[in-house]
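Report on the structure
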Amino acid sequence: MRYKILTVDDSKTVRIIVRKAFKSYDCEILEAGNGVEGLAIAAKDSPDLILLDVTMPVMDGVEMLTKLKADPQLKAIPVIMLTAEGGRDNVLKIAKIGVRDYLVKPFKEEALIEKAGRVIDLKPLSEQPTKAKSIFDPADILIVEDKPAIVQQIQEGLKHTPWKFHGVSTQGEALDYCAKTPPDLVLMSLSLPEEAAFTLFRVMRTNVKTKYTPIFALVVKTEVGQQQQAQTVGFSALITKPIEISELESKIAKAMNLDTSQRYFALEPGFLVMRLPENCSPSVLAEVANYLKPKFSEAVDAGHTRMVIDIHQLKTLHMGVIKLLLQTMQTCRELTLQFALVGNHQIVTECKGFEDTRNWQFYDSIDDAKANLGKATAAPQLATA
């Protein structure tokens, strides 16, 4: 939804400042030079917010506000009054007529955006379509936690990622950090004293810079009450202590809408390669399965006719992995893709114990698989050792 903001001010300079302040947000700015013009535009365009100057010729802001609130079609439109320093008391007197907030001139653009953001759901405007962020792109993550050991555990557990983690222990430090460097995601401990986490959450949700930032609650697994409260308030996700690092990593990637396909799929010269990690949890298997169709389509569209399924890093075989591999092989056959398996001794041995996998044959390395697939000219088949 694109919001309409009406600025009513006899100063062209102020109207220019308003327009400039909102240029990075998905909204339309309407302008009027006095109250009469403002009422006419309000009736015609039904703005979502009115920025109304107090002192103007023809019809001032007080009169326009009075007429707005007397009109059944316009009275619900929120109004922020703009006034000179000397007019502050006057604004407070007319607040009973119905103003949402006020701003003293001269004002900073950031202050205007902050107040407007409390009234309407301002969304940053993308100047052009941006490429989806990858799991290998850097990100800035703020940890609000007064237990240093937890901060260290997260930093150590996710040091293999390109993400930067910054730890703070108080609400004030968190707000200062967000004001300077809005993070991509926040991990917030619910054990902060005096329910500071919930206060901080509400403050961040009223700030335009952090309104859409994913905020995770860090909570002890047995603290059911806190977990329910966090869900009710609207935290993006719950991370229970003791922390399962792989689960945390997966939830962070999902919350930031990161493309994680590069972990598992790669288009290499002449081949599509799928690699499974050493530990394939249900969340990992679901993630890979979700990428199968788009990645296969991408490969076929690019002219690839061969695929290597690399599971040599896998520690152990289980039914979840077997089902995924059977699905992958079936898709290869449907698309007439030649494919080969690469595995380690442990996996090869375990395959002998399952009816569906006992006849699978493996290569020792990706290079061997590619070399033999490169020689193959027959219909799609499993590679032979």
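Only a predicted model underlies this, so the values are computations on that prediction, with no experimental measurement involved.

**Section: the overall build of the protein chain**
The secondary structure content of the protein chain amounts to 14 helices and 15 strands. Along the first, second and third principal axes, the C-alpha set of the protein chain runs to 90 × 50 × 35 Å. In the protein chain, buried positions account for 45% of the 385 residues. When contacts within the protein chain are restricted to residue pairs at least 6 apart in sequence, those whose partners lie at least 24 apart make up 68%. Total accessible area on the protein chain stands at roughly 19,900 Å², and carbon and sulfur atoms take up 51% of it. If the 46 positive side-chain charges of the protein chain are averaged to one point and the 48 negative ones to another, these points end up 2 Å apart.

**Here we look at the sheet that holds strand β1 (residues 3-8)**
Read across the open sheet, the 5 strands follow the order β2-β1-β3-β4-β5; overall the sheet is parallel. The open sheet has two edge strands with one neighbour each: β2 (27-32) and β5 (101-105). In this sheet, adjacent strand axes meet at a mean angle of 20° when their direction is disregarded. Inspection of the sheet shows β1 paired to β2 by 6 bridges, in the parallel sense. When the sheet's bridge partners are listed, Tyr-3 is paired in β2 with Cys-27. Relative to the sheet, helix α1 (residues 12-21) contacts β1, β2, β3 (49-53), β4 (79-84) and β5, its axis offset from that of β2 by approximately 175°. Sheet strands in contact with helix α3 (residues 61-70) are β1, β3 and β4, and its direction is about 150° off that of β3.

**Brief notes about the packing of helix α11 (residues 282-301) against helix α12 (residues 319-334)**
The interhelical angle for the contact between α11 and α12, taken along N-to-C directions, is 5°, at an axis separation of 11 Å. One way to sum up the angle between α11 and α12 is to call them roughly parallel. In this structure, α11 contributes Leu-285, Val-288, Ala-289, Leu-292 and Phe-296 to the contact, and α12 contributes Gly-320, Val-321, Leu-324, Gln-327, Thr-328, Thr-331 and Cys-332.

**Some remarks on the layout of surface pockets**
Volume-wise, the second largest pocket comes out at about 520 Å³. Considering the residues around the second largest pocket, the lining is formed by 23 residues, among which Glu-249, Arg-263, Tyr-264, Pro-277 and Val-284 are closest to the centre. Those elements giving two or more residues to the lining of the second largest pocket turn out to be α10 (245-255) and α11. When residues in the lining of the second largest pocket are grouped by element, the largest group, 5 residues, is from α10.

**Things to note about the pattern of salt bridges**
As enumerated under the stated definition, the model contains 21 salt bridges in all. Close ionic contact of Lys-105 with Asp-53 constitutes a salt bridge, the shortest N to O distance being 3.0 Å. With a gap of 52 residues between them, Lys-105 in strand β5 and Asp-53 in strand β3 connect regions that are remote in the sequence. Residue class for Asp-53 comes out buried when judged on its relative accessible area of 5%. Salt bridges sharing common partners tie together Glu-268, Arg-275, Asp-310 and Lys-370.

**Observations concerning the environment of Lys-251**
Checked against the element boundaries, Lys-251 lands in helix α10. Sequence separation of Lys-251 and Gly-117 is 134 residues, and the distance between their C-alpha atoms is 27 Å.

**Looking at the packing of aromatic side chains**
Applying the stated criterion across every chain yields a total of 2 aromatic pairs. Note on Phe-198 and Phe-235: the rings are 6.0 Å apart at their centroids and 90° apart in plane angle, and the pair reads as edge-to-face. With a gap of 37 residues between them, Phe-198 in helix α8 (residues 196-206) and Phe-235 in the loop between α9 (224-233) and β10 (237-241) connect regions that are remote in the sequence. In this structure Phe-198 comes out as buried when scored by relative accessible area, which is 1%. Take Phe-235: its relative accessible area is 8%, and that puts it in the buried class. Aromatic side chains Phe-201 and Phe-235 sit 4.4 Å apart centroid to centroid with 25° between the ring planes, which places their arrangement in the stacked category. Placement of the pair is Phe-201 in helix α8 and Phe-235 in the loop between α9 and β10, with a sequence separation of 34 residues. Phe-201 sits in the buried class, given a relative accessible area of 4%. Ring-pair connections join several aromatic residues into one group, and the members of that group are Phe-198, Phe-201 and Phe-235. Of note, Arg-306 hangs over the ring of Phe-271, and the distance from its end group to the ring centre comes to 4.5 Å.

**Considering the pairing of β10**
Burial within β10 is extensive, with 4 of its 5 residues counted as buried. Where strand β9 (residues 215-220) lies against β10, 5 bridges are found, and the strand directions are parallel. By the bridge assignment for β10, Val-219 is matched with Thr-240. Crossover handedness for the path β9 to α9 to β10: right-handed.

Here is what the cut-offs are and how they apply
- Residues numbered from 1 in each chain as written.
- Predicted model: local features only at pLDDT ≥ 70, side-chain atom pairs only at ≥ 80, totals over all residues.
- Heavy atoms only, no water.
- Helix = DSSP H or I, 4+ residues; strand = E, 2+ residues; numbered from the N terminus.
- Buried < 20%, exposed > 50% of the residue type's maximum accessible area, 1.4 Å probe, protein only.
- Contact = heavy atoms within 4.5 Å.
- Areas by Shrake-Rupley, 256 points an atom, 1.4 Å probe, with all protein chains shown as cover.
- Lys, Arg positive; Asp, Glu negative; His and termini not counted.
- Charge placed at Lys NZ, Arg CZ, Asp CG, Glu CD.
- Pairing = 2+ DSSP bridges.
- Axes fitted to C-alpha atoms, helices over the stretch in contact; angles between N-to-C directions.
- Parallel < 35°, antiparallel > 145°, perpendicular 65-115°, else oblique.
- 1 Å grid on protein atoms, 1.4 Å probe; cavity = no way out; pocket = protein on both sides within 12 Å on 5 of 7 lines; lining within 4 Å.
- Points joined across faces, edges and corners; volume = space filled by probe spheres on them.
- Salt bridge = Lys/Arg side-chain N within 4 Å of Asp/Glu carboxyl O.
- Phe/Tyr/Trp six-rings, centres within 6.5 Å; stacked < 30°, edge-to-face > 60°.
- Lys NZ or Arg CZ within 6 Å of the ring centre and 35° of its normal.
- Right-handed = clockwise from strand over helix to strand, strands pointing away.

Read these as geometric descriptors, not functional statements.
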